[in-house]
Each structure stands twice: as structure tokens, then as C-alpha cells.
Amino acid sequence: MNRVFPTGTAPHLPAPPTVAGVMGQVLLALIPGIATYTWFFGPGVLVQILLASGFALVFEALALRWRGRPLQPFISDGSAVVTAVLFALCIPPLAPWWVAAIGMAFAIGLAKHLYGGLGQNPFNPAMVGYVVALICIPAAMTQWLAPREIAELVPGLAATLQAIFTGALPEPLTVDAVTRATPLDSLKTGVEAGRFVIEIRQSPIFGDFGGRGWEWIANAYALGGLWLVYRRIITWHVPVAVIGSVMALSLPAWLLDPGANPEPLQHVFSGGLVLGAFFIATDPVSGCASPRGRLIFGAGVGIITLVIRRWGGYPDGVAFGVLLMNMAAPLIDRYTRPRVYGR
Amino acid sequence: MLIPLIVFLVFGLVFGLVLGWTARRFRVESDPVVDQIDALLPQTQCAQCGFPGCRPYAEAIARGEADINQCPPGGEAGIRALADLLGRDPKPLNPENGEEQPRRVAVIDEAACIGCTLCIQACPVDAIVGAAKLMHTVIEDECTGCDLCLPPCPVDCIDMVEPEPAFSDWRRPAPGEATS
Amino acid sequence: MGNAWSGYLLILVSTVLANNFVLVRFLGLCPFMGVSTKLEGAIGMSAATAFVLTLSSVSSYVVHQYILEPLGLEYLSTLSFILVIAVTVQATEMIMRRVSPLLYRVLGIFLPLITSNCAVLGVALLNVQEQHNLLESALYGFGAATGFALVLVLFTAMRERLAHTDVPVPFRGAPVALVTAGLMALAFMGFTGLANQ
Amino acid sequence: MNADSPLRSGLTLAGIAVLGVALLTGIHHLTRERIAAQQRDAVAMRLSQVLAPDRYDNDLLHDVIQVTDPETFGHPGPATVYRARRDGQPVAVVMEVTAPNGYNGPIRMLVGILADGSISGVRVVSHRETPGLGDPIEARRSDWITRFEGRSLRDPTPEGWAVRRDGGEFDQFTGATITPRAVVEAVQRALEYHRAHLDALYARQSADEQSTDE
Amino acid sequence: MSEHRTPLGDIFTEAAWRQNTGLVVLLGLCPLLAVSGTVVNGLGLGLATTFVLLVSNLSVSLLRKTLRPEIRIPAFVLIIASAVTAIDLLMQAWFHDLYGVLGIFIPLIVTNCAIIGRAEAFAARNPPMAAAVDGLGTGLGFCLALVLLGALRELAGHGTLLAGADMMFGEWARSLELTLVPNHPGFLLAILPPGAFIGLGLLIAARNAIIARGERRAKAGSPRVTAPVARGESA
Amino acid sequence: MIDESKVVVGEHLHRFPGGLRLRHNKRVACRHAVARPALPTQLAVPMLQQAGPPAEPVVDVGDTVLKGQLIGADPSGLGARVHAPTSGTIVAVDDGPISHVTGQPGMRVVIDTDGRDQWTTLDPVDDWRTEDPATLRAHIDMAGVVGLGGAVFPTFRKVDGAHAAGIHTLIVNGAECEPWIACDEMLMREHPRRVVTGTRVLMRASGADEAVIAIEDQMGAVQSALEQAAAELGDNQVRIVRIPTIYPEGGERQLIQTLTGREVPAGGLPQDLGVLVQNVATVEAARAAIIEGKPMIERHVTVTGDGVAEPRNWLALLGTPVAHLVAASGGYTSAAQRLVIGGPMMGYALGRDDAPLVKAGNCILVLTENNVRPTQPEMPCIRCGECSRVCPARLMPQELQFFIRSGQLDAATDISLEACIECGCCDFVCPSHIPLAEWFRHGKAEARHLARERAFADHSRERHQAREARLAEARAEKEARMARRKEKLGNDAERKRQVARAIERARAAKEKSSTPDTTEKDKGGES
Ligand SMILES: Cc1cc2nc3c(=O)[nH]c(=O)nc-3n(C[C@H](O)[C@H](O)[C@H](O)COP(=O)(O)O)c2cc1C
Ligand SMILES: Cc1cc2nc3c(=O)[nH]c(=O)nc-3n(C[C@H](O)[C@H](O)[C@H](O)COP(=O)(O)O)c2cc1C
Ligand SMILES: Cc1cc2nc3c(=O)[nH]c(=O)nc-3n(C[C@H](O)[C@H](O)[C@H](O)COP(=O)(O)O)c2cc1C
Ligand SMILES: Cc1cc2nc3c(=O)[nH]c(=O)nc-3n(C[C@H](O)[C@H](O)[C@H](O)CO)c2cc1C
Ligand code: SF4
Ligand code: SF4
Ligand code: SF4
Ligand code: SF4
Ligand code: FES
């Protein structure tokens, strides 16, 4: 007669989004960038993505086993793959295979699971992996190729695999040819050697705004990023703050002394800035939560990037900017809570 | 050879004088931290912490002579509050002092009570009313559940019971915990 | 003139960022680990350290410049510096105990331990080693304290967040805090090269 | 005396201080000589790497002059030059040279040049190049730095005094050109200075001779 | 507080292992992290620290009754600084190379929090013999931490152990150097500052894990001993 | 206090932060006119149907009662009276299911209905237009009217407080912002004159000068019905305002923000802004209480959801079993999976359907598996910030959740846990499926518990200190007495005399009775 029902807590509605869905959208949004990257630099990046994802999933599974957590929901949430892909997009496409292994060990093992895994890591795992690799094995991390338009050769798949797994470079590439100075590197060392920016930019590695090829990749990243904003996966605050602060600071410097300072667009379209602005600094876990906090976070990333590019020991500063702001995020969050209703 | 000795003799003298003077000038009498600690203790006055009441325990903590994990009625939450106040790491309750329990109140079996007033003298918060030779009662709203009235009762007529919660006192379980 | 100013700026940038006392030079680690559980405590500690550090940097400069060096007693510099520092701290402690008991409580055992904060003696010794003048010494002390305060406050805020993460059991407490400090040091490596001429 | 008197604190502290200082002064006197000797040894040890001790018979550490030439020595202050002689005849100089344009800032080195204008040895004293990229300039990381030995301004020719990528004879490292470039340039400058000031270098009075010994 | 009598052995293990300054109490971290790049550096500093601890604990204990609170710390510091300066001068004279490597961290032994901490917490309240044992234990425990961390970092960073032993023991000791991983590419992170922090974190975690496992074993072995005793049921 | 003069209600619409646009699903239940279900054979009337303490039964088993007769009194004055929904015999006064959020059983009065549905004598006011407002409010009190918008706060207390504080505008909340529920809409559609009249009555009772009836803009027909009624009644103080359909537009604070652009200050009440908010059904109940003298014994209720065969609205007696109402609506469909009292966002799930309809029950929602979230594993928060984007109170749910989970209730309170209106928006959007709103309900209860414990500790401290002081005083007095005695014994001669006299006495005693211990005792007593 009387019926008994299972109970549950409000709200009693189907829940639309899932973590895996969010991560999936991020991966989707990266596709244009990855495609453009592949066109300019060959399939190396695809191999790196696969390698890094494989390592990431293996380490994720090992860490989950060790911590005694269920495998299935966490392996399939896609966050490790996002970490892996973003890492792979930061390293040289012909970097040896163990770069991905070391990077992912630190990213997933140390930066993520030591803190309790998904959602709890204070530092951006991909950037931890990247910086560790950069510091430990700088030689492997400076092997950049020239883009399609000016390269002697864009390596094919076989050559790429050979280079990554055996270290043997395809003819006619030489070690010196692959350790090319990237645009940012040339700018930095050139300016320090007292040359003018215009002079430095005569080099064929520069394009219209940023590095040749790189500027198109950046455009593709931006496209994907805008789509993420549209899909409400990320908010506009971080990208706008990162790019805005870089522009706002480099503009006066450029106007005052165009000889020693690159123009603002050059800054934006060089290095990892656009990728960082839309995909890395927006990592929700290690970033700030409130809108104001996100603006500060983004501006911090932009400013630190510029400072390191201009005065620091590394050609680009996006990764360090992100990690340094990760450090500051809890403090920022504490002081930028929105005003609560009625207060 | 003598120069260093003289220099440091002077150093020592001067600094010693400065410190001695400061020590007298800025002497502190009482420690307001005791009040803050006391404010976080549950005031059960049960002495399970090993001190004759909450305030003595508070004083001992302030002096650094007692740890923050000795008060069972305060429980985890109490320890955490103390750790917060004092900037230390929380630690689990010291099992030597007892276990955390839900609040209980004393109930006197009115039929058995002989009116000896011993329990009244033991109760730290005057929660028992009654006069000599008359039956005694515990005022439920005042009783802290300290158990101190149990030992003196010559006829063992006092029981500790968990008071029935009112609807307004209902503690909603955390999600995932079984609903009773 | 301009050169002098950029020299001073360089001292600040170097002590705060590129050669941060805590994360790069490994000075002042005990309070860094010990007083970083509550933000209020960290801020108090930062203020106290800034005060003591600047003061001791200057006073040890004076002691070295006007007493030890003229008398050829450099070998006693460690002894005299630490004496000066200990007395400063002790006096500060007694005064603070009276003036701000809560701050005193929050700083706990760490206030007397400022004496044994390596950063304080480290600043004094490094000032001598790098032959700083009076103003440079003061700046060096102040910069070191600022660098200390910066990372201490950031670290504390991070640790407060760590309090509710699911850290694997063996790593709870000090180990994960140390790993966090390590990752902070990693991030600070981004500043290498900042303070080179 | 009042037990609470500041004077008592002062006396106790002074007592301990005096005790400690007496002890230390004793140790200081015992060790002073040895420490000085050790410090000399350490410098001599470093110098011996760029100039074998059996080539000269004078006291290198005391036959020293300070020269100021920012162009050559890479920094505005005075640079130290040690002079080696055998039987009073000039044998070699060892110069403290700084390459200001390393990747991460100045690289300080010792360059030993024989009187005939060839190099007896080069060693890096301190640098901040990227570990793993720029640090093969250290002798314990690679033998790159030893390849300067025996070279002079004639060998190789002026065009050859550059890294391979710039058309010279010296190898760069994988992924790092700037560091070796800076070192090669600095060594070349030192050689040129030596050629230009050969006589003056040996002739000038050393600092030790100028100031009377204590 | 009171001068109770604890067996000296207990004092020693308490100081050296259970309350190990480097791994448990987390004092003296600066030298621990700064000079643990290699085993030999760690050993050198560790022994120097042990000497200072021994001397300072002993003297503080001897003087404990004469010192008034307001000058206690300055007095301790004076004693410690004297001991440190002594060893500083001696090392400069006889271990000059090692001294050059350890640099500023020799004078900084003065401010090793562990030393003044022991002086305050133990030596000032205990008789000389106990204080000396405590000093020795604390020092050797600290030494242990330094050597362990040094070994970890040296091995990971260079693939060697005991490199530079000649700085301490003279020329013959060059042969002590073990190259465990030949042609080690050099894992720089271990040697750089981040590696020091992370290495110590891993070391402490390992210690925690070992102890936890020991406790679990003990528990599994004798369940009755640790069964909670029912409480609160008044008769 | 806030300057009320600047508060203008309903001229311009404003936007509250956050919120959700949900599919409202209301049409299904509006196809039939509101009717009364058949009288059930038994009604179980809970004593706790309002915020505040439970009512106390004033009838006994075996009593017969008439419809509208008082069966539960409110001695504390903090709750509300309860009346018999129909005539019949009391068969039980005991603990049983009471459809309370806590899910706990509670006291109820069970009536066997006699089918006659016979009213007791009613006591309406003669003319509300001339009657003293205090009398009007007293009628609300006597009728046991409570807010029907969800919180079931006793209306008398609310109106009385508002009157005392002096308000200018009555806001009638017809937003009904939760999906599925349609009973307020049906009420306004079918009885617009009653709603407008009720509004005017309540204006008089609360001292408001004007009134705004707020309805959601998806309720097309309702506006014209209400406007026509207002015109017919010759009323120009009651305005009808359409507000956007955004959940939780009907929340009191959100509604006020929409209509005035102002926020009710934290810890304050709407009357601080000079307004009073009442649900439309409450307004109608107040009208019935005053004009018809009828106590609150029935309410409009929507029975709907994909788990019900024929969704519709009823005017049902309180105490009617839920099962009875569902059966009247065609019974469950085969897919029925969850039984909810209230809307899908804030309602609570019932474990069994023999529970009675209560004053808070605006909706009986039967959901199917497709309607509720599948039992997905809860993932850790990824701090995506979506929850704070939709929170109408501008809270940071992710942080609140961290604090509550780790037991840091003070920290949660510091970041305004109390400001959470438990609307469930954050919960709905969370990709990690964390039951946020449920955590907040739990956290609020724990925080209240903690506050109670602290208050009790403070109280105990006072008692303890008072006792210590008393004992100290007693001791001091005793000592003083002793001292005085000593004083008296002070001089030597006196003492000798005393001692001599004592010996004398002892000897005398010894002579009287030869038992030696008496002496012993005496000695002890004297020394
Ligand atoms: C993190 C980082 C550190 C570097 N450190 C050095 C260095 O210490 N010395 C150096 O010569 N080049 C260093 N480089 C490489 C230069 O940036 C530049 O790529 C190279 O010197 C010039 O390229 P090339 O050798 O192909 O001409 C570094 C590059 C990176 C990314
Ligand atoms: C004078 C006065 C006092 C009130 N006191 C309370 C109170 O103590 N607690 C409470 O929940 N609501 C109180 N209310 C009612 C609230 O303002 C609010 O209408 C009620 O909580 C229902 O709101 P809700 O359905 O939006 O939750 C009071 C109202 C008035 C006019
Ligand atoms: C999230 C939320 C949504 C609400 N939605 C409505 C609503 O749609 N209609 C309504 O009348 N009351 C709603 N309420 C209750 C109102 O806040 C308020 O309590 C009520 O209008 C006061 O009137 P009452 O005392 O007559 O119930 C809601 C409350 C909350 C917290
Ligand atoms: C918008 C967005 C950006 C992300 N960016 C990063 C990133 O930069 N690095 C990374 O390791 N993971 C990133 N993730 C994935 C995920 O948040 C990350 O693995 C967590 O830090 C793991 O706890 C991102 C996820 C999203 C939704
Ligand atoms: S144990 Fe008892 S007496 Fe001691 S502090 Fe706690 S409640 Fe007070
Ligand atoms: S009645 Fe008994 S249990 Fe209650 S407070 Fe008094 S002594 Fe304690
Ligand atoms: S919506 Fe869920 S996952 Fe996102 S921040 Fe809020 S609680 Fe965390
Ligand atoms: S339930 Fe509370 S925290 Fe969540 S959205 Fe609603 S008001 Fe905000
Ligand atoms: S050793 Fe403790 S602060 Fe340095």
C-alpha cells in the first residue's frame, strides 16, 4: 500500500556538466593550435602528445594505486591528458622521449598526487613538469626546429620517431641546426649584445608579429581559447589580464625606446604567451577563483613574463610566471572574495 | 692581547645593564591569553584534563605546561580552536584523558535519593537543587555533564543520560553520512 | 648618481627575488617552516624579523667598522655580531610581551628564536663579506627581510589551503610543506639572472 | 648588591664574554700563522692550474700589480696581475680577466700568458651560466677550457679566434654558443693586452714593494 | 623541568632519533639544506655542529643556576658563539678546502636553531652529564640527517658518493669516492635549491612511512595490548 | 538604520547576481482547474508545521472535533496554532511521520473523519476597512497562518514586527520560481480578486502604504487577471510587476533586490528597507482568516512530475496523506523514482508516502530516473568557479565547502555561511557533483550547534564563577570568624582561663558518663 522511495539531496535535477566533459572541451579547443603546430613543424608534436599522455596515464594509475583510490573515475576524468598535452606543447618537438617521462613524473607524481590528486594541487602540474625539465635537462629543451617556410627540412614521421627515440637526427639536420635560437632568444641575446630590435628582426625566423610560424599557431590557440570562453569553461578575466598587462607594459617601453624594446604585438605573439593566457594561466585548480582574483592573477603572470623576458636569465617567462602566481593564488583569493549579499 | 678582553668586558656590561633595565621596566604581571584560552574550553569543569577545572587548565596551557589535547569534552573541535589560537598544529585527543562523548546530563533517581546534599557540594555549576533531607533534582539546562556528582553519592542514585534533542537542535548529518 | 641608485635597486631585487634569502640562499628556514601555519602569525613574524634584521644589519656594520676593524679583531666578528643581535632581540621580546601580548603569544617560541634565525647573523656576515657601506648594509638587511616576509606570507597562505587537501599519509605535515617550498624555489629559479649587471 | 639589579646581569654577561674571548684570543694566536699559510696555498693552488709552479722561482703571490682597463678586463675596477719570473727574468703573467657578456652575467677567469705570447692555461674562477648548458667551461665538466693552452695570437689567426659557428676554430657547446663566445673573446682580449703592454706589465713595481711591510 | 634521572641511553636515542632535529623537530634547517649537496660536506658540517653542541650543552648546564632569565639567551649565544669561532678558526687552519666549501655556514652554526633550542630546552634544566649526552645525541642525529640528505642528493645529482673526501681526510681518501652511476648525466634538480627542499621532504616522508609500518606491524602482532580501554562507564 | 526614503519598489527592475534559467515545466499541472480531492478517511495533523517550536495538543484521544477547531495551542508564542482540518474523532495523539525536513517522526493528532466536514463557529471581522489593524493581526495569529512561500515562518510575528518597524511597501511574492510548481499561479489565475483583496487587507494589517504583486514574466494570463481585479476593486495602490524568469527570483532577498536594487543588510530583515514580503498564498490565507474567520486548514498543492499519471493542482486539507493525493492524481507511473516535497531545487525527498500534507507542502513532486541526477561518483572540487558564478548571494561555495568539510566552522562563518539561502544553484552547476547545498545545510546546523555550545559554555562559566565567588566569600567569612575568635582568645590570661574551663568541663563530663570516647571527642572539638 504505502510506497517507500529512495531519498537523495536537493537539487533533484539531472546534472549537466561533468569534470571529464570540461576537460574534453579543453582538449577540443586545443585542436586548431595543434593542427597548425603540426603543419609548421612536422608531426613531432603529435608524437610528444601521445608520449606524454601515455606516461601521464601510467603515472596517474600508479599514483592512484599507491594512494588506494579508485582508478576508473580518475583515469577517465581527462585531467591528466590535459596536463600531458599542455606539457607536450611546451617542449621542442624533437626532444628525446625521456623528456616526457621526466616531465610527467614530476607533473603527475609530485605536483599532483603528492597533494591529493585532482583539484588539490597548488601548482600547475604541466608547468612544474616543464620547468623541471628545463632546469634539469636544458640541452634537450633547446632543440627547436625552424618552421616550414624557412626550414631545410620539415621532418616526416619516420625521421621524427627516429630522432625522438634514438636521438639520431635526420639528414641534413645537425645538432647545431636543431638547437636554433628561438625568436625570443635572439631578441634577448641580441638586445643584450647591444643590437637594435629592428636589426635583430631582420632574421628570417621572425614573421609579421612574432616568430615565423609561431604567430599563426598563437592565432589558432586564441581561436580555441575564445571558444572556451564562449562555452563558459573559462572566464575572460585571465586571458584579458595576461595579454592586457603585457601590452600595457610593453607599449610605453616600445614608444620610449623602440631600439631596445620589441613592440607589444611582438611580445604577445612570441613564445608561449597566448597558449599560457588561454590554457595554462586559466587552470582553475591552481589559479584564483574570484573574478577580481583572476584579474590580478593574470596581470601577475603577464608582468612576471615581461620582467623575465627583459631582465631574467631565461628567454621566456610564462611558465615561471604561472608558477609564481600559483604561489600567490591562495593569498590573492583570501583578499579578493566578492562582497557577499548584504555585506 | 688585553684589548679584546677589555672591549668585550665593556660589551657585556653595557648589554647586561640594558637588558636588566628593560626586564624591570617592562615586566608583565598577568597573561590575557589565559582568558582567550579559557573562552575556548567547554566549561564542563570535569577535571579530566588533569587540572581542577577549565581555568586552571587554561593557565597551564598559557604557561606552556600542558598540551592542548587534554580536554575530552572539548573534543576535536576544541583542540582545533586552541591550535588556531595558539598557532600550533592540531593533534588528536590524548586518550589518557578520556574520550569525546556526546553531552550528557545527570538525572537523580528521585525515589532513591536520600537528600544527603553531597552532590550539591560537588556540582561545580550549582545545577542541583534541593535541601538537606529533601529529594534533589538536576536542572537539565544547567548541568554540564561533568560526572563530579557521581562519586560522592552514597546510594548511587545518579545516572548520566543523553538529553532528548529538540527539533531546533537537530544536527543535519553531512552528505554521505547515514541519516538516522 | 644614477649608478648608485641602480646599485641600491639591484641589492633589493637581488635579496628579494633572485637571491631570495629563504628559497635560494637557505637562510631563515626554521621560522619559515615553523611560523607558517597561520597567516596572522606569519605577518607578525615578518614584521618582527624585518625590524630585527634591519637593525642588526646596521648595528653590526657599526660594530665591525668602528670597533673590530680598527682594533684588528675581525676574528671576533661572529661573536660580537651575535651578541648585538641577541641583545636586540631580547629587548624587543620583553617590550613586545608587554605591549602586544597577543602578538607575543602568536609568535610563540619563535621570537627568542629570531636570535637563532640564520638570516639575521647571515646578513651581518654577508655585509662584511661583500664590503657594503652603511646604506647598503641597511638596504641589504631590509631587502633580506622583505624577501623573507614575501615568501613566508605566500607560503603560509598556501599551507592554509593545504590544510584541507587529501595528502597521502606519509607526506602529511612537514614533508608536503617542504615539497611545496621546493616547488616555490623552483618557481623562484625564474628570477635567476635578474640581478646580474 | 640587590639581587634584582641590572648590574648583576651586566657582570654575569661580561664575565662570560671575557672568558670566551680569552679562549678565542688564545686560539687565534695559535692558528693565525697557519691560516695565513693556508690562504696563500689556496691561491697558489689555483694559480698553479694556469701556470705550472716549476716554471718560475719567484713568490708569485707577492709579485702583483693592479691594472685598470675596463675594455680588456671586463669590469671597471682594477684587475690583479701576477708576474712570474725565473732568475729575475720575466716568464709569464697570470691575469684575472672577466668576460662580461656570458649568458647569465660575467664569467671570471684566470688567464696565464707566457712571455712569448702563448697561453699557459685558462681556468674559470666563477660564473653563473646555465648548469648543463654553459658549464662545460669548467675544467671539471669538460676539457674545453684546456684547449687554449699553447695558443697565441698567431695560432690561430685573428679570424680563427672565434667559435665555430662564427667561423672560428673553437667549438661551441650543444645549445650554447654565447658562453664560449664570451670566453674566447675575453681570452683574445687578454692576449692583445699582453702584447701591447708587455714591457710595462713586468716593469711596474708590485704593490708589496711599494708599501712597507708591517 | 625537574632534574629527574633518565637513563643516558634513552636521552641519547631520544635526541638522536625520536626527536631528530633535522627530520622531526625541523630545526637547523638552513645548514641541513644548504650544505647537503654531497656527503662529505654534510659530514663536515655535522661533525662541527656536534662539537659545538657538546661544548655548549655542557657549559650551559654548568652555568644553569647562575643565569637570570633576561640574560639567558645572550649568555647562551655567547657560549655558543665562542665554541663556533673556535672551530671556525681550527677548520680554517686545518681543513681549509672544506672550510672554503662550507663557507658562511660554519659561522652560522651559531644560529643553528637546534643548538640554542637544546640549550634552552634541555641543558638549562639538566645536570652536565645528561646535557653532554643530549648534545652528543642531538649532534649526531643532525649529522645523520645531513649525511642521509647529502647521500641522496649526491647520488641523484652526480651519481657518486663521498666525492671530495680528501678535503676532510687528506689525500688517501680520494679512493673513498664511489662512482655508483658511471657517466651520470647529472640530474641538476637534486643539487639546486628546489632539490634540497624536495629531498628533505621525501626523506621525512620515508621516515614516517617506516615508522607507520613498524607501528602497524606492532599492532598486528599484539592486538590486545592496544585495544582501547572502555571509559566513562561509572560504577 | 538604512534610509528608507530612497527605497523605491518596482519602478525599475534590477538584476540580482548569479541565478539560473531553468526549464520551468509548469504547464503540465495547469491543464485542469483546481479541485478538492475526496475526503480521506483519516487525517494526521502534525503539531510541527511551522518554523518555531511544535504546537501542544489540546485534544485527547476520543474527543470529537469540528472543522476549524483548535487542536494545537502555541503557549510559547513563538510558533503557530494548529486547527482541525475537518470534523471527526481523535483516534491518536502520538509520534509518527510528519513530513518534516529532518525526516524525524514527531507529534501529530490523527482524526477519523466523519464525512460531514462541519465547521465550528467562525469569528470574522465585520469590516476590515475600519477595524483596528491590531485586531486584524490578532486574527492572523488566531488562525495559525504561516508563510506558505517555503519557510513557514509564523505570519503574525512577521507582520507584527514589520508593523512595529514601520514599513511602506508590501511585496506579494507570486514569483514561484522553482520548476514544476504551479499552485501560486493557479491561485492568482482563478482567484485574482481574493489575492488583491488579501493584499489590501494585509497592507492595512502591516501598515504598508502601497503594495506590489510580483509575478514572473512567463505567467502571461495572470497579469491581466490581477490587473482587472485591481481595477474592479477600484484599487490604485496595488501594482502588478513582472519580473524576469530566473531562479531563484522568488527568494525574498533576490526579489527585493530585483524590485528595489537594494540588498537586505546581513543579519537584517526586509523591514530594514521598509518592505515586507509575503507569498500570495499567505496573503490569501490572511484574507480568509480576517474576512471569513477561517483558520489555516488547507492549502493549494501541485501534484506533478513525470512520475505522476495526471499532474494537477489541488486544494487539499492539511494532514491528507501524500499517497491519497497522488492516487487522486492518477497514481504513480511505472518510472516513479523519487518523492519530493517542494520543488526540485529546494525540496526534500520523502522516504515513504504515508506522510501527511503540511503547511509547507506547496508541491508533491514525483520524479523519474531521467529527472534526477544519476548517482555519479562525487569528484574533488576542481575550483572551476562555476558555483560562485551562479550564487545569488555572491558566496564562494567551493571555499565554504572546504571549510565545512574540514570542520573549520568558524572560518566558514567568517566568509558568511549564514548568507547562503540554500537555493542549490551552485550544486546544480558543479561539474564535480559535490552536494554543495546539502553541505551548507549541514554546516549551518553545525555552526548553530557550535554557537549553542559556546553560549552554554559561557553560561556554565558564569555559574561556576558565581559559585566560586560564593564559596570564596563563605570561606573568607569563616576565616574572619576564626580570626575574631582567635582575637578573643588572643591574650594569654584569657586563654589560660579558657583552657582551665575546658578541662573543668571535660572532667565534669567524665564524671557524668564514664565512657571515655566522649571526652576524646570533646577534646577534639575544642582544640
Ligand atoms: C633556459 C636556457 C638557458 C640557457 N643557458 C645558456 C647558457 O648558459 N649559455 C649559452 O651559451 N646559451 C644558453 N642558452 C641557449 C641560448 O639561449 C641560445 O639558444 C644559444 O646560446 C644560441 O643558440 P646557438 O647555440 O644555436 O647559436 C640557454 C637557453 C635556455 C632556454
Ligand atoms: C519581525 C520579523 C522577525 C523575523 N524573524 C525571523 C527569524 O528570527 N528567523 C527567520 O528565519 N525568519 C524571520 N523572519 C522572516 C524572514 O524575514 C523571512 O521572511 C522568513 O525567514 C522566510 O524567508 P524565506 O522563505 O526566504 O526563507 C522575521 C520577519 C519579521 C518581519
Ligand atoms: C531559493 C528560494 C526560492 C524561493 N522561491 C519562492 C517563490 O518562488 N515564491 C515564494 O512565494 N516564495 C519563495 N521563497 C520564499 C521567500 O524567500 C519568502 O520566504 C516568502 O516569499 C515570504 O513569504 P511568506 O512568509 O508568506 O512565505 C523562496 C525562498 C528561497 C530561499
Ligand atoms: C581551462 C583549463 C585549463 C587547464 N590548464 C591546465 C594546465 O595549464 N596545466 C595542467 O597541468 N592542467 C591543466 N588543466 C587540467 C586540470 O585542471 C589539471 O590537471 C589539474 O591541475 C589537476 O589537478 C586545465 C583544465 C582546464 C579546465
Ligand atoms: S577536561 Fe573538563 S575541566 Fe578540563 S578543560 Fe575540559 S571541560 Fe574543563
Ligand atoms: S549535576 Fe552532576 S553532572 Fe551535572 S553539572 Fe552538576 S555535578 Fe556535573
Ligand atoms: S562548481 Fe563544483 S567543482 Fe566548480 S568550483 Fe564549485 S564546487 Fe568546485
Ligand atoms: S546554495 Fe547557497 S552557496 Fe549555493 S548558490 Fe545558493 S546561496 Fe549560493
Ligand atoms: S637553522 Fe634555523 S633559521 Fe637557519
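Residues numbered from 1 in each chain as written. Chains lettered and ligands numbered in written order. Predicted model: local features only at pLDDT ≥ 70, side-chain atom pairs only at ≥ 80, totals over all residues. Heavy atoms only, no water.

Visitor: Help me out: how do you make sense of the overall build of chain E in this one?
Guide: Helix and strand counts for chain E stand at twelve helices and two strands. Secondary structure elements of chain E, listed N to C terminal, follow the sequence α-α-α-α-α-α-α-α-β-α-β-α-α-α. When the backbone C-alpha atoms are referred to their principal axes, chain E occupies close to 75 × 50 × 30 Å. Put simply, chain E has 235 residues, and 55% of those count as buried. Put simply, chain E shows about 9,900 Å² of open surface, and 66% of that area lies on carbon and sulfur atoms. Between the centroid of the 17 positive side chains of chain E and the centroid of its 14 negative side chains there is a distance of 12 Å. (Helix = DSSP H or I, 4+ residues; strand = E, 2+ residues; numbered from the N terminus. Buried < 20%, exposed > 50% of the residue type's maximum accessible area, 1.4 Å probe, protein only. Areas by Shrake-Rupley, 256 points an atom, 1.4 Å probe, with all protein chains shown as cover. Lys, Arg positive; Asp, Glu negative; His and termini not counted. Charge placed at Lys NZ, Arg CZ, Asp CG, Glu CD.)

Visitor: Is there a simple way to think about the site of ligand 6 in this case?
Guide: Ligand 6 sits among 13 residues. The nearest are C123(B), C143(B), T144(B), C146(B) and C149(B). In the shell around ligand 6, the residues fall into ten nonpolar, two polar and one charged. (Near = heavy atom within 4 Å. Nonpolar A, V, L, I, M, F, W, Y, C, P; charged D, E, K, R; others polar.)

Visitor: How do you make sense of helix α3 (residues 183-190) of chain F when you look at a structure like this?
Guide: Side chains of residues three or four places apart in an α-helix project in the same direction, reflecting 3.6 residues per turn. Burial analysis of α3(F) places six of its eight residues in the buried class, which makes it a mostly covered element. Taken together, the buried positions of α3(F) are occupied by C183(F), D184(F), E185(F), M186(F), L187(F) and M188(F).

Visitor: I tried to follow the domain arrangement of chain D on my own but got confused; where do I start?
Guide: Interfaces are often described in size by the accessible area the parts lose on coming together. Residues and elements named next belong to chain D. When cut into domains, chain D gives domain 1 (1-50) and domain 2 (55-213). The C-alpha-based centres of domain 1 and domain 2 are spaced at 38 Å. The partner domain 2 presents twelve residues to the seven residues of domain 1 that form the contact. Of the roughly 820 Å² buried where domain 1 meets domain 2, counting both sides, 75% is carbon and sulfur surface. (Domains from an automatic or database assignment. Contact = heavy atoms within 4.5 Å. Buried area = accessible area lost by both parts, 1.4 Å probe.)

Visitor: Before we go on, may I ask you to explain unusual backbone geometry in this structure?
Guide: Negative phi values dominate among residues other than glycine, just as trans dominates among peptide bonds. Omega for the peptide link from A10(A) to P11(A) comes to -5°, which places this bond in the cis form. For P11(A), the location among the structural elements is in the segment before α1 (19-41). Phi at E176(F) takes a positive value of approximately 45°, unusual for a residue other than glycine.

Visitor: Teacher, can you tell me more about the site of ligand 2 here?
Guide: Residues and elements named next belong to chain F. Around ligand 2, a shell composed of A151, F153, R157, K158, G161, E252, L269, P270 and Q271 is seen. The separation between an oxygen atom of ligand 2 and a polar side-chain atom of K158 is 2.5 Å. If ligand 2 stood free it would expose 600 Å²; the protein chains cover 60% of that surface. The element that contributes the greatest number of residues to the shell around ligand 2 is helix α2 (residues 155-165), accounting for three residues. For the shell around ligand 2, a count of residues per class yields four nonpolar, two polar and three charged. (Polar contact = N/O pair within 3.5 Å; in protein donor to acceptor, adjacent residues only side chain to side chain.)

Visitor: How should I be thinking about a nonpolar patch on the surface in this particular structure?
Guide: Residues L2(B), I6(B), L9(B), V10(B), V14(B) and V18(B) make up a contiguous nonpolar surface patch of roughly 500 Å² in combined accessible area. Its place among the elements puts V14(B) in helix α1 (residues 2-25). (Patch = residues over 30% accessible without salt bridge, like charges linked within 9 Å, V, L, I, M, F, W, Y side chains within 5 Å. Salt bridge = Lys/Arg side-chain N within 4 Å of Asp/Glu carboxyl O.)

Visitor: Where do I start with the interface of chain F and chain B in this structure?
Guide: Of the residues lining the interface, 27 residues belong to chain F; the matching set on chain B comes to 30 residues. Regarding the contact of chain F and chain B, the summed buried area is about 2,700 Å², with carbon and sulfur atoms giving 50% of it. Where chain F packs against chain B, one counts seven salt bridges. Between R452(F) and D169(B) there is a salt bridge, with the nearest N and O atoms lying 3.3 Å from each other. For the pair chain F and chain B, the number of links is 19 residue pairs in polar contact (both at pLDDT 80 or more). With 17 residues, helix α13 (residues 436-489) of chain F is the largest single contributor of residues to the side of chain F that touches chain B. Its residues assigned to classes, the side of chain F that touches chain B shows eight nonpolar, eleven polar and eight charged.

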